[in-house]
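Observations on the three-dimensional arrangement
Residues per chain are reported as follows:
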Amino acid sequence: MTEQSSKHILVIRLSAMGDVAMTVPVIKAMIRSYPAVKITVVSRAFLKPIFENIPNVSFYTADVKGKHKGILGLYKLYKELKALRIDVVADLHNVLRSKILGIYFKIGGYKVSKIDKGRAGKKALTRTKDKVFKQLKTTHERYADVFKEIGYDVLLVKEDVLAQRELTQKITIFTGQDQKKWIGIAPFAAFAGKTYPFELIEKVIAKLSETNQYKIILFGGPADKKQLATLENKYEQVINCAGLFSFKEELALISNLDLMLSMDSGNAHLAAMFGRKVITIWGITHPYAGFYPYGQPIENALLADKEKYPLLPTSIYGNKFPEGYENVMQTITPIAVFDKIVKVIE
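A few points on the structure. Just so you know, these numbers come straight off a predicted model, no measurement behind them.

Before going further, it helps to examine the overall build of the protein. Looking only at helices and strands, one finds 11 helices and 11 strands in the protein. Radius of gyration (C-alpha) of the protein: 21 Å, near the 20 Å computed for a compact globule of 346 residues. For the protein, the spread of C-alpha atoms along the principal axes amounts to about 60 × 55 × 40 Å. When each of the 346 residues of the protein is scored for burial, the buried share is 55%. When contacts within the protein are restricted to residue pairs at least 6 apart in sequence, those whose partners lie at least 24 apart make up 66%. In the protein, the 50 positive side-chain charges and the 34 negative ones have mean positions that sit 7 Å from each other.

Here it is, written out as structure tokens:
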């Protein structure tokens with residue numbers, strides 16, 4: 001065993017649920033390739049359940065709103081992490097907080113590697129003039145590059161996903177006992193530019209319900225509970241889990257889905273990290289930016305009509321679009337979504 005293979009690596013990824021979920025296959029690949037390596041992930045407390053039961057992986061909470069707030073708080077966090085006998089630091093976030101934390105580690109004599117987000121390529125992909133429309137390096141590959149810089153070559157394979165988790169009694173009471181296949185639907189995203197119109201997602205759900213072949217489980221935050229309840233009350237085989245479960249319980253439920261239908265959003269990455277089948281709907285964003293769910297066939301992406309809207313993609317995060325591009329999602333028909341679900345799940 002080499003000294004390199006037995007080191008303790010600190011992984012910094014402080015926020016953004018989807019981006020944190022995307023670290024999982026890379027960390028799994030690291031543990032598979034270097035079984036003597038120890039990894040400590042530092043992130044927000046609520047994301048801890050993502051990393052449970054991964055061998056050699058520990059979690060450390062960064063309380064960036066409380067005791068680790070500001071420059072002095074981050075120094076306190078540095079001192080706490082240093083006490084864990086860290087050897088090297090992998091910054092998978094590269095934002096102001098993680099940069100400050102990285103500076104402390106560098107001053108302390110530690111090797112620090114940070115992600116190259118490829119901003120120039122992303123700007124070229126989304127600009128309206130002289131657009132360079134090509135596949136960029138994926139976020140998973142960018143994460144792997146960080147580990148490569150500190151001496152670990154990581155080969156990403158489709159099998160580097162999390163195991164299915166056991167359902168609690170609370171979840172089994174919620175889902176009921178039948179043999180129908182489970183379809184998770186997460187109809188919301190952070191920005192309107194990558195959210196399928198609610199009246200269209202309702203048409204998809206209505207058509208799925210008509211088949212009487214699937215149990216449709218709606219996902220969303222507590223604020224979405226009321227809106228999603230209208231669908232639960234209206235259609236057979238539709239149940240709404242928004243606001244019902246802890247994040248840990250939601251992960252267990254997601255890990256048991258037969259398929260997840262999601263926007264370009266965090267739920268797609270949570271399902272993909274368990275190796276579930278994932279269909280994604282894309283508006284003004286695009287898989288070429290590098291945020292496609294791990295291990296999913298590209299045919300599972302439903303894209304807005306680029307012939308009708310030639311400037312697509314116009315945004316990395318779904319928050320910027322030129323005039324006249326407000327309705328790009330309408331070019332993806334509910335029947336196209338339904339047909340894709342049936343094809344992929346069967």
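Counting buried residues along strand β7 (residues 214-218), five of its five residues qualify, which places the element largely inside the surrounding structure. Where burial is concerned, the two faces of β7 agree: the one with Tyr214, Ile216 and Leu218 and the one with Lys215 and Ile217 are both buried. Sheet topology places strand β6 (residues 181-186) next to β7; five bridges connect them, and they run parallel. Bridge pairing links Ile185 to Leu218 in β7. In terms of handedness, the path from β6 via helix α7 (residues 198-211) over to β7 forms a crossover that is right-handed. Two strands pair when backbone bridges link them, and β7 and strand β8 (residues 238-240) are joined in this way by three bridges, in the parallel orientation. Opposite Ile216, over in β8, you have Val238 as the bridge partner.

Under the 1.5 Å per step criterion, the end-to-end length of helix α1 (residues 17-33) is 25 Å for 17 residues, consistent within 8% with the ideal 24 Å. With respect to burial, α1 is a largely interior element, 13 of its 17 residues being buried.

Strand-to-strand pairing in sheets goes through backbone hydrogen bonds, with the strands running parallel or antiparallel. If you trace the six strands from one edge of the open sheet to the other, you get β8-β7-β6-β9-β10-β11, paired in parallel fashion. For this open sheet the edge positions go to β8 and β11 (301-303), each flanked by a neighbour on one side alone. Each adjacent strand pair in this sheet contributes to an overall mean axis angle of 20 degrees, direction not counted. Those strands touched by α7 are β6, β7, β8 and β9 (259-263), and its axis lies near 150 degrees from that of β7.

On the surface, Lys99, Lys106, Lys111, Lys114 and Arg119 cluster together into a positively charged patch. Within the residue set of the positive patch, elements represented by two or more residues are α3 (96-107) and β5 (111-114). Checked against the element boundaries, Lys106 lands in helix α3. For Lys106, a relative accessible area of 48% gives the class partly exposed.

Glancing now at helix α8 (residues 225-234). Within the span of α8, buried status applies to Leu228, Ala229 and Leu231. Buried positions in α8, seen along its axis, are confined to an arc of 160 degrees and lie on one side of it. Exposed and facing more than 90 degrees away from the buried side of α8 are Lys226, Asn233 and Lys234. Where α8 is buried, its residues touch α7, β7 and β8.

So, about the nonpolar core. Counting 61 residues, the largest nonpolar core has Ile9, Ile39, Ile50, Phe51 and Phe147 as its most contacted members. The greatest single-element share of this core, amounting to nine residues, is contributed by α1. In contact with Ile9, not counting residues within four places along its chain, are Met30, Val37, Lys38, Ile39, Thr40, Val88, Ala90, Phe147, Ile150 and Tyr152. Within the second largest apolar cluster, 31 residues are counted, among which are Ala206, Leu218, Ala242 and Met263.

The rules behind the values
- Within every chain, residues take consecutive numbers counted from 1 along the sequence as written.
- With the structure being a predicted model, the display of local features is reserved for residues of pLDDT at least 70 and the display and counting of side-chain atom pairs for 80 or more, all residues being used for whole-chain, interface and lining totals.
- No hydrogens and no water enter the side-chain calculation; it runs on all heavy atoms of the structure.
- Every helix listed is a DSSP run of H or I at least four residues long, and every strand listed is a run of E at least two residues long, numbered separately from the N terminus.
- What the globule rule says is 2.2 Å times the number of residues to the power 0.38, and the radius of gyration is computed from C-alpha atoms.
- Three labels apply to residues, based on accessible area from a 1.4 Å probe with only protein chains included: buried if under 20% of the type maximum, exposed if over 50%, partly exposed otherwise in between.
- Residue contacts follow a heavy-atom distance rule, with two residues in contact if any of their heavy atoms lie within 4.5 Å.
- His is not counted, nor are the chain ends; Lys and Arg add positive charge and Asp and Glu add negative charge.
- For the purpose of locating charges, the reference atoms are NZ of Lys, CZ of Arg, CG of Asp and CD of Glu.
- Strand pairing requires that DSSP identify at least two bridges connecting the strands.
- Throughout, right-handed denotes a crossover for which the path from the first strand over the helix to the second runs clockwise when the strands point away from the viewer.
- How far a helix is expected to stretch is found by multiplying one less than its residue total by 1.5 Å.
- Each axis is a line fitted through C-alpha atoms, and for a helix only the stretch in contact is used; angles between axes span 0 to 180 degrees, taken between their N-to-C directions.
- Two distance rules govern patches: like charges are joined within 9 Å, and nonpolar side chains (Val, Leu, Ile, Met, Phe, Trp, Tyr) within 5 Å, applied only to residues with over 30% relative accessible area and no salt bridge.
- Residue-level accessible areas treat just the shown protein chains as cover; the underlying method is Shrake-Rupley with a 1.4 Å probe.
- Only one rule defines a salt bridge in this text: a Lys or Arg side-chain nitrogen within 4 Å of an Asp or Glu carboxyl oxygen.
- Each direction from the helix axis to a C-beta atom contributes to the arc, which is the arc of those directions.
- In this text, buried Ala, Val, Leu, Ile, Met, Phe, Trp, Tyr and Cys residues form a nonpolar core when linked through side-chain atoms within 4.5 Å.

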